[in-house]
Amino acid sequence: MRWHAMRHVALAVLSVLVIGAPWPGMAQAPMRIGASMALTGKYALQGGYARDGYQLCQKHVNANGGVLGRPIEFVIRDDGSDEKAAAQIYETLITGDRVDAVLGPYSSPITDAVADVTEKHRRTLIAPMAGTTSLWEKGRKYLIMVISPVELTPEGFVDLAARFGVKTLAALNEDGLVAKAAAKGVSELARKKNLDVVFSETYAKGTTDFAPILKRVKAARPDAFVIASQLFDDLITMSRQTRDVDLDVKMLASLPYGGLPDYQKRLEKTADFVYSATFWEPSLPYPGNREFVAAYEKEFARAPALQAANGYAGCQLFVEAARRAGSVDSDKLREVMLKLRTRTILGDFAVDERGFQTAHKAVTTQWQDGKQVIVWPDDVAAGKPRFPTPPWSAR
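Residues numbered from 1 in each chain as written. Predicted model: local features only at pLDDT ≥ 70, side-chain atom pairs only at ≥ 80, totals over all residues. Heavy atoms only, no water.

Participant: Requested: an account of helix α10 (residues 306-325), with residues and values cited.
Facilitator: Here α10 spans 28 Å end to end across 20 residues, near enough to the 28 Å set by a 1.5 Å rise per residue. Counting buried residues in α10 gives 15 out of 20 residues, a clear majority hidden from the surface. Two residues or fewer after α10 comes Gly-326, characterised by a positive phi angle close to 70 degrees. (Helix = DSSP H or I, 4+ residues; strand = E, 2+ residues; numbered from the N terminus. Expected span 1.5 Å × (residues − 1). Buried < 20%, exposed > 50% of the residue type's maximum accessible area, 1.4 Å probe, protein only.)

What follows is the structure, encoded as structure tokens:
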């Protein structure tokens, strides 16, 4: 992209966030793209980053001439991190606002609810922030997956554990769609590597004190431990209380958001040695990734997180599909997406006939001295894993 050609795009915020204003040189009416986003509620941190990604993509697309001779204009409404609210928003966007196209919201649970609406109206939905396999096992036709399956996020952690001779593993997960999928992946991947899962439990919604559960994990004496929750505050609390109860393991993973910059900011040194998995990382050598990171930091005065990259990449894919289709007709977009083989800032993209992602792959990271380092797979690793994790008493 020609970043030097960027222009400032005004933001108008009412009850609806409409990103964009007049675009010189493009006389046609804007191409309006509807979405809901978790700007408040339990997913507000992640949703804010995702909105940023959509915003930045809009700015760059319009600075480079728009799509099919038209500027794009995102219409984003806050769904409050609520599935029912999001579904109603998409119903209104499609039937009331009559937007030209829709892109996905944040999270698998909300995307699952929204997809029922978009299927009903035969609208192609590129879903940049949903990776739970079950969403693509319901016979849907118009749902397009951008990231690799959540069930595979523990793959690098489990593979490294096997390489290091780890024998036993424990898992603790939130009672939620994404966390359960991650925990399922842990068990299946561990079985393939001949690792013994000595503890696996789903904690109840609303749990705020994890010490009693963590003490049971400690009693099981695992070599490696995976905590999984889509609720960011839960990940933070579990990570802190792992230290509080003196639960020592050779490897600790925090999924899926232990790699967010905010994880290290809040935990500081406690985050060191913790592994996570991510669908994107700033240093990965994918087309336009370095430029995206620089532009994001300039635009928003903070480092981008995964969800910002997801949103940006989802927008990239929509733009490419519209250009190839020569239209925003939903069936034409779907036909293009099913055949598309490309690379975004997230890496490889390809889907099967269900719209299920087959090319993208997550990477495994570890916090080392306050910095996130890619440690798996070997072909993109920026450093070696620090193994074993020292006991809390020595840190």
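Past the structure itself, the notes keep going.
Participant: Describe in detail the side chain of Arg-140, supporting the description with residues and values.
Facilitator: Along the chain, Arg-140 falls in the loop between β6 (125-127) and β7 (143-145). Among the polar contacts listed, one links the side chain of Arg-140 to the side chain of Asp-112, at a separation of 2.8 Å. Filtering out sequence-adjacent residues up to four positions away, Arg-140 remains in contact with Asp-112, Ala-115, Asp-116, Glu-119, Leu-135 and Arg-354. (Polar contact = N/O pair within 3.5 Å; in protein donor to acceptor, adjacent residues only side chain to side chain. Contact = heavy atoms within 4.5 Å.)

Participant: Tell me about the sheet that holds strand β11 (residues 251-255), residues and numbers included.
Facilitator: Strand order in this open sheet of seven strands is β9-β8-β10-β11-β12-β15-β16, and the pairing throughout is mixed. The outermost strands of the open sheet, each flanked by one partner alone, are β9 (196-203) and β16 (371-376). On average, each strand axis in the sheet is inclined to that of its neighbour by 25 degrees, with strand direction left out of account. Contacts from helix α5 (residues 177-192) reach β8 (168-174), β9 and β10 (224-228) within the one sheet, and its direction differs from that of β8 by about 165 degrees. (Pairing = 2+ DSSP bridges. Axes fitted to C-alpha atoms, helices over the stretch in contact; angles between N-to-C directions.)

Participant: Just give me the short version of the nonpolar core, but keep the residues and values in it.
Facilitator: Tyr-54, Phe-225, Phe-292 and Phe-318 are the most contacted members of the largest nonpolar core, which has 127 residues in total. If you tally residues by element for this core, the top one is α10, at eleven residues. In this structure, Phe-318 is in contact with Met-31, Ile-33, Ala-101, Leu-103, Ile-126, Val-328 and Leu-333, ignoring residues within four places of it in sequence. (Core = buried A, V, L, I, M, F, W, Y, C linked by side-chain atoms within 4.5 Å.)

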